[in-house]
Amino acid sequence: MTTPASTELHDLSVAELARQLRERQVSAVEAATHFLGRIQAAPQLGAFVALNEEATLAQARAADERLSRGEALALDGVPIAHKDIFVTKNFASTAGSKMLDGYRSPFDATVVTQLAQAGAVTLGKLNCDEFAMGSANENSAVAPLGFDSPAPVRNPWDLDRVPGGSSGGSAAAVAARLAPAVTGTDTGGSIRQPASFCGITGIKPTYGRASRYGMIAFASSLDQAGPMARSAEDCALLLSAMCGPDPDRDSTSLDLPAENFARSLNDSIDGLRIGVPAEFFGDGLAPDVRAAVDAALKEYEKLGAKLVPIALPRTELSIPVYYIIAPAEASSNLSRFDGVKFGHRAKDYGDLTDMYKKTRAEGFGDEVKRRIMIGAYVLSHGYYDAYYLQAQKIRRMIADDFQQAFQHCDVIAGPVAPTVAWKLGEKSADPVANYLADIFTLPGSLAGLPGMSLPAGFGAGGMPVGLQLIGNYFSEAKLLNAAHRFQQATDFHLRRPEGI
């Protein structure tokens, strides 16, 4: 691991790059060209699934024109990339699935539009688990750039390990300096877990903060967009552009005005009460991860924060609850993919019913089929009350546990995942093992709370370990402040893999 000392464009933060663009030290076209070259030189990671150089450079030239007139937008000319779960007009939108292979959307997702309106330049689309279902980015059914067939994303810290999922392509791209910042989505931890595994920063805002319009749906009551970058400051800049009300197009969008999440980054955290849940530090937590998290908490004490023991007694129930609710919603959302209006359609079929069956059998991968079947089962007559209704009741109790905890603390801290990133293929034959890896991220997702991961050290094999911070509703600025102060005192977020 090394700490960069150069002033190469790919070593600049979003904030630094935006400043250099405003001061005309570098042009948006130069920045976009530089990152496109890096992407094309690193196909072995499998991070990108689509580029459109013509569209990217057109956006960069438009940014240069605004910058030359002194009309700079917040992110003018800053290159970013989008997880391939957001639909885009200029790039194919596949959600990592054969079902949508080659699909071109007639519109951009709201998150894509808002970042473009802030001046960001889109480099391309990033690999992800099919329909965002996975914890390792081994479930993609789309061939990454440079590949002739589907391939998993690889972790830049160790190419034999997973980057986490489902936003694995997003995390790998930032860690490998292929993009200064990217978008991701988090249903049960899919921003925080890959951010932890790849040694970067990522935040999932309060449910409803960012519009879901144009985000290909997995579980509608859980899906939420968020930024991933190297630092909390960079995440704050992107999140400020991404969030805002969109009630006309997304019924779950909160009617809250756009907010400057960077406003309190440098506030003191002296006296900040950090809740430490005992349930996050049990026997299932690997010793190397615990050591890194404990060291990070001691660093917070040095910065003036106070550690407060708290309880989240239903943490273990979050796994069965999530894996009832999310598949139930997925089975409903994915019913639209039937070969009739768009996407894959079977070539040979006898009648309409036969077309539905063959199209879905061919178009969906194993993990997606598994979750559709689970979801259809728990929603079926005679089982709805026994499974789905009970899961929703416990979900409310999990949310209540957090509210009890926040009476005693300002933020909650703990590990993101029980271990560092595992080897490729190590858990692919055991879906339950993958599910169990989400135990620390699922509770916050079920409650709809904001949460983030920030680099906090290294564990076995020199692999990154993330610290998870969870806040109460609408406390994103407080989380980013706590993360930024930690990053001012440490350099874990500046470390990068060898050879990058």
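Residues numbered from 1 in each chain as written. Predicted model: local features only at pLDDT ≥ 70, side-chain atom pairs only at ≥ 80, totals over all residues. Heavy atoms only, no water.

Looking at an unreviewed UniProt entry, one finds the chain named Glutamyl-tRNA(Gln) amidotransferase subunit A and attributed to Curvibacter cyanobacteriorum. Among the UniProt annotations of the chain, the heading Catalytic activity (unreviewed entry) holds the following wording: "L-glutamyl-tRNA(Gln) + L-glutamine + ATP + H2O = L-glutaminyl-tRNA(Gln) + L-glutamate + ADP + phosphate + H(+)". Its UniProt record, at the heading Function (unreviewed entry), says of the chain: "Allows the formation of correctly charged Gln-tRNA(Gln) through the transamidation of misacylated Glu-tRNA(Gln) in organisms which lack glutaminyl-tRNA synthetase. The reaction takes place in the presence of glutamine and ATP through an activated gamma-phospho-Glu-tRNA(Gln)." (UniProt positions renumbered as here; feature names shortened; annotations may be inferred.)

K.L.:
Can you explain the overall build of the chain? Please cite residues and give values.
P.N.:
Scanning the chain for helices and strands turns up 15 helices and 11 strands. Against the globule reference of 23 Å for 500 residues, the chain gives a C-alpha radius of gyration of 21 Å, in line with a compact fold. Based on the C-alpha atoms only, the size of the chain along its principal axes is roughly 65 × 55 × 45 Å. When burial is assessed residue by residue, the chain has 62% of its 500 residues classed as buried. Here the analysis covers contacts within the chain between residues at least 6 apart in sequence; of these, 77% occur between residues at least 24 apart. When the accessible area of the chain is evaluated, it comes to approximately 18300 Å², of which 51% is carbon and sulfur surface. (Helix = DSSP H or I, 4+ residues; strand = E, 2+ residues; numbered from the N terminus. Rg over C-alpha atoms; globule rule 2.2 N^0.38 Å. Buried < 20%, exposed > 50% of the residue type's maximum accessible area, 1.4 Å probe, protein only. Contact = heavy atoms within 4.5 Å. Areas by Shrake-Rupley, 256 points an atom, 1.4 Å probe, with all protein chains shown as cover.)

K.L.:
Can you explain the pairing of strand β6 (residues 224-229)? Please cite residues and give values.
P.N.:
Taken across its 6 residues, β6 has 6 buried, putting it largely inside the fold. Residues of β6 alternate between two faces, with Q224, G226 and M228 on one and A225, P227 and A229 on the opposite face, all of them buried. Bridge count for strand β4 (residues 181-186) against β6 is 6 bridges, and the pairing is antiparallel. Within β6, the position partnered with V182 by the bridge is M228. Where strand β5 (residues 201-204) lies against β6, 2 bridges are found, and the strand directions are antiparallel. If you follow G202 over to β6, its bridge partner there is M228. (Pairing = 2+ DSSP bridges.)

K.L.:
How would you sum up the UniProt feature "active site" (unreviewed entry) in the chain? Please name residues and give values.
P.N.:
Per the UniProt record, "active site" (unreviewed entry) is annotated on K83, S166 and S190. Maximum C-alpha separation among the annotated residues is 11.1 Å over a sequence range of 108 residues, consistent with a single clustered spot. One can find S166 in the loop between β3 (121-126) and α5 (168-175). Note on S166: relative accessible area 0%, which makes it buried. Excluding its chain neighbours within four sequence positions, the residues that come into contact with S166 are K83, N127, C128, D129, A132, M133, G134, N137 and S190. Of note is the side chain of S166, whose polar atom sits 2.7 Å from the side chain of K83. Residue position: S190 is located in the loop between β4 and α6 (192-198). Beyond its immediate chain neighbours, meaning those up to four positions away, S190 contacts K83, A132, G134, G165, S166, S167 and T185. Polar side-chain contacts of S190 include one of 3.5 Å to the backbone oxygen of G165. (Polar contact = N/O pair within 3.5 Å; in protein donor to acceptor, adjacent residues only side chain to side chain.)

K.L.:
Please give an account of the sheet that holds β6 that cites residues and values.
P.N.:
Pairing is mixed across the open sheet formed by 11 strands, whose spatial order is β1-β3-β2-β4-β6-β5-β10-β11-β9-β7-β8. If you trace the sheet from one side to the other, it starts and ends with β1 (48-51) and β8 (306-310), each paired once. Taken over all neighbouring pairs, the strand axes of this sheet differ in orientation by 30° on average, direction set aside. (Axes fitted to C-alpha atoms, helices over the stretch in contact; angles between N-to-C directions.)

K.L.:
So, a nonpolar patch on the surface: which residues are in play, and what are the values?
P.N.:
Residues Y377, Y383 and Y387 make up a contiguous nonpolar surface patch of roughly 280 Å² in combined accessible area. Looking at the element boundaries, Y387 is found in helix α12 (residues 384-405). (Patch = residues over 30% accessible without salt bridge, like charges linked within 9 Å, V, L, I, M, F, W, Y side chains within 5 Å. Salt bridge = Lys/Arg side-chain N within 4 Å of Asp/Glu carboxyl O.)

K.L.:
Describe the UniProt feature "domain: Amidase" (unreviewed entry) in the chain, with residues and values.
P.N.:
UniProt records the feature "domain: Amidase" (unreviewed entry) at residues 32-480, using the numbering of this structure. Between the first and last C-alpha atoms of residues 32-480 the distance is 27 Å; the span itself is 35% helix and 14% strand.

K.L.:
Outline the nonpolar core, listing residues and values.
P.N.:
Core analysis: the largest hydrophobic core is formed by 150 residues, its most contacted members being F131, Y300, L469 and L480. Sorting elements by how many residues they give to this core places helix α9 (residues 318-333) first, with 9 residues. (Core = buried A, V, L, I, M, F, W, Y, C linked by side-chain atoms within 4.5 Å.)

K.L.:
Break down the packing of aromatic side chains for me, citing the residues and quoting the values.
P.N.:
Following the criterion strictly, the structure yields 18 aromatic pairs and no others. Members of the aromatic cluster, joined through ring pairs, are Y103, F131, F337, F342 and F364. Over the aromatic face of W422 sits the side chain of K427, whose NZ or CZ is 4.0 Å from the ring centroid. (Phe/Tyr/Trp six-rings, centres within 6.5 Å; stacked < 30°, edge-to-face > 60°. Lys NZ or Arg CZ within 6 Å of the ring centre and 35° of its normal.)

K.L.:
Report on the side chain of E476, specifying residues and quantitative values.
P.N.:
With respect to the helices and strands, the residue E476 is situated in helix α15 (residues 476-489). According to the relative accessible area criterion, E476 is buried, its value standing at 0%. In this structure E476 touches I203, P205, T206, R209, L239, F261 and P450, once residues within four positions along its chain are discounted.

K.L.:
Lay out the environment of F337 in plain terms, naming residues and giving numbers.
P.N.:
Among the secondary structure elements, F337 is positioned in the loop between α9 and α10 (352-363). On the basis of relative accessible area, F337 is assigned to the buried category, the value being 5%. Taking the C-alpha atoms as reference points, F337 and T359, 22 residues apart in sequence, are found 8.5 Å from one another. Excluding residues within four positions of it along the chain, F337 makes contact with M99, L100, F131, I216, F342, R360 and F364.

K.L.:
Got a sec to walk through the pairing of strand β11 (residues 464-471)? Specific residues and values, please.
P.N.:
Most of β11 is tucked away, with 8 of its 8 residues classed as buried. Going residue by residue along β11, you find P464, G466, Q468 and I470 tucked away on one face and V465, L467, L469 and G471 tucked away on the opposite face as well. In this structure, strand β9 (residues 411-415) lies alongside β11, joined through 5 bridges in antiparallel fashion. Each residue of the ladder has a partner; that of G414, found in β11, is Q468. From the end of strand β10 (residues 451-458) to the start of β11, which pair antiparallel, there are 5 residues, and G461 there has a positive phi angle of about 70°.

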